[in-house]
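# Per-entry structural report
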Amino acid sequence: AQSVTQLDSQVPVFEEAPVELRCNYSSSVSVYLFWYVQYPNQGLQLLLKYLSGSTLVKGINGFEAEFNKSQTSFHLRKPSVHISDTAEYFCAVRPLRGSQGNLIFGKGTKLSVKP
Amino acid sequence: DAMVIQNPRYQVTQFGKPVTLSCSQTLNHNVMYWYQQKSSQAPKLLFHYYDKDFNNEADTPDNFQSRRPNTSFCFLDIRSPGLGDAAMYLCATSDTGTRAGELFFGEGSRLTVL
């Protein structure tokens with residue numbers, strides 16, 4: 001079985017400051033890793049994903065994440081946030097095998113960017 | 001261009017009155033999912049279709065049913081909604097081909113139960 005832990009439920013930050021949203025996972029098998037963003041009253045939009053290869057993954061809107069296998073982490077970072085980045089961010093994992101199966105989400109981190 | 005379309009975006013129903021939420025996709029993906037997301041919680045998978053094969057999660061209540069008449073459409077039926085069923089319902093699709101793993105979500109249908 002897999003599980004995802006997002007260590008911070010809320011992260012307040014000032015505009016143009018850097019931000020890191022933390023994600024750790026547990027799995028007995030190899031997994032794909034994802035970050036999704038959800039704006040108020042909307043569905044989830046893929047920010048970035050790690051399938052294989054380079055452990056540093058770049059996504060949309062200037063976000064990036066680094067896969068660390070030894071620490072089973074996949075932290076999301078942005079060097080300078082904007083007001084428009086205010087949203088909820090979900091980390092998720094999915095087993096490599098049985099790709100039609102479930103996407104396991106963390107509980108989410110609400111990023112609040114203040115002027 | 002919207003690729004996964006959910007209707008209605010907002011649905012208000014009375015306690016016990018059946019409701020149907022719809023989802024359509026233009027991606028021609030073979031897998032379609034229904035998630036339930038309650039306020040400030042992670043999305044929770046209710047069930048998914050792999051082509052026509054229906055896969056129910058063990059803890060999904062019998063009150064929730066689904067239909068997939070063709071590749072493009074999938075419906076979520078809630079037979080007798082209770083107050084605890086008020087939530088955002090998210091439809092998603094995926095392709096078991098080269099982009100295996102990535103889910104594409106619709107905008108969601110927010111259900112209110114009075």
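Whatever comes next refers back to the structure up there.
These numbers were taken from a predicted model, which means no experiment stands behind them.

## Description of the overall build of chain B
When helices and strands are tallied, chain B shows 0 helices and 11 strands. Order of helices (α) and strands (β) in chain B, N terminus to C terminus: β-β-β-β-β-β-β-β-β-β-β. On C-alpha atoms alone, chain B measures out to a radius of gyration of 13 Å, which is about the 13 Å that the 2.2 N^0.38 rule sets for 114 residues. Here the C-alpha coordinates of chain B stretch approximately 45 × 30 × 30 Å along the principal axes. Within chain B, the proportion of its 114 residues that are buried is 50%. Partitioning the intrachain contacts of chain B with sequence separation of at least 6 by distance along the chain shows that 55% fall at a separation of at least 24. On chain B, roughly 5500 Å² of surface is accessible, and the fraction owed to carbon and sulfur atoms is 48%.

## Description of the interface of chain B and chain A
The interface is formed by 27 residues belonging to chain B together with 22 residues belonging to chain A. Taken together, the links from chain B to chain A amount to 1 salt bridge. Lys 49 of chain A serves as the salt-bridge partner of Glu 102 of chain B, at 2.8 Å between the closest nitrogen and oxygen. The interface formed by chain B and chain A contains 6 residue pairs in polar contact (both at pLDDT 80 or more). Broken down by element, the residue count for the side of chain B that touches chain A peaks at 4 residues, all from strand 4 (residues 31-37) of chain B. When the residues that make up the side of chain B that touches chain A are grouped by side-chain class, the tally is 13 nonpolar, 8 polar and 6 charged.

## Quick notes on the state of the cysteines
A full pass over the atoms with the stated rule returns 2 disulfides over all chains. One disulfide bridge connects Cys 23 of chain A with Cys 91 of chain A, the sulfur atoms lying 2.0 Å from each other. In this structure, the disulfide formed by Cys 23 of chain A and Cys 91 of chain A twists by about -65° around the S-S bond and is classed as left-handed. Here Cys 23 of chain A is found in the loop between strand 3 (19-21) and strand 4 (24-26), whereas its partner Cys 91 of chain A is found in strand 10 (residues 87-95), with 68 residues between them in sequence. Cys 23 of chain B shares a disulfide with Cys 91 of chain B; S-S distance 2.0 Å. Its S-S torsion of approximately -75° makes the covalent link between Cys 23 of chain B and Cys 91 of chain B left-handed. On the criterion of sequence distance, the pair formed by Cys 23 of chain B in strand 3 (residues 19-25) and Cys 91 of chain B in strand 9 (residues 87-94) is long-range, its members being 68 residues apart. With relative accessibility at 0%, the residue Cys 91 of chain B sits in the buried group. Sulfur of Cys 74 of chain B: no disulfide; nearest cysteine sulfur belongs to Cys 91 of chain B and is 6.0 Å away. Using a relative accessible area of 0% as the deciding quantity, one classes Cys 74 of chain B as buried.

## Considering the environment of Lys 110 of chain A
Along the chain, Lys 110 of chain A turns up in strand 12 (residues 109-114). Along the chain, Lys 110 of chain A and Cys 91 of chain A lie 19 residues apart, while their C-alpha atoms are 12 Å from each other. Among all residues touching Lys 110 of chain A, those that are not within four sequence positions of it are Ser 9, Gln 10, Val 11, Ala 87 and Glu 88 of chain A together with Ser 40 of chain B. Of the polar contacts made by the side chain of Lys 110 of chain A, one reaches the side chain of Ser 40 of chain B; its length is 3.2 Å.

## What to know about the pattern of salt bridges
A complete count under the given rule lists 9 salt bridges over all chains for this structure. With its nearest N and O atoms 2.8 Å apart, the salt bridge here joins Lys 58 of chain A to Glu 64 of chain A. On the basis of relative accessible area, Glu 64 of chain A is assigned to the partly exposed category, the value being 23%. Linking Asp 59 of chain B and Lys 44 of chain B is a salt bridge whose minimum nitrogen-to-oxygen distance equals 3.3 Å. With Asp 59 of chain B in the loop between strand 6 (53-56) and strand 7 (64-67) and Lys 44 of chain B in strand 5 (residues 44-50), the pair connects residues that are 15 residues apart, well separated along the chain.

Scoring rules and cut-offs
- Residues numbered from 1 in each chain as written.
- Chains lettered and ligands numbered in written order.
- Predicted model: local features only at pLDDT ≥ 70, side-chain atom pairs only at ≥ 80, totals over all residues.
- Heavy atoms only, no water.
- Helix = DSSP H or I, 4+ residues; strand = E, 2+ residues; numbered from the N terminus.
- Rg over C-alpha atoms; globule rule 2.2 N^0.38 Å.
- Buried < 20%, exposed > 50% of the residue type's maximum accessible area, 1.4 Å probe, protein only.
- Contact = heavy atoms within 4.5 Å.
- Areas by Shrake-Rupley, 256 points an atom, 1.4 Å probe, with all protein chains shown as cover.
- Salt bridge = Lys/Arg side-chain N within 4 Å of Asp/Glu carboxyl O.
- Polar contact = N/O pair within 3.5 Å; in protein donor to acceptor, adjacent residues only side chain to side chain.
- Nonpolar A, V, L, I, M, F, W, Y, C, P; charged D, E, K, R; others polar.
- Disulfide = S-S within 2.5 Å.

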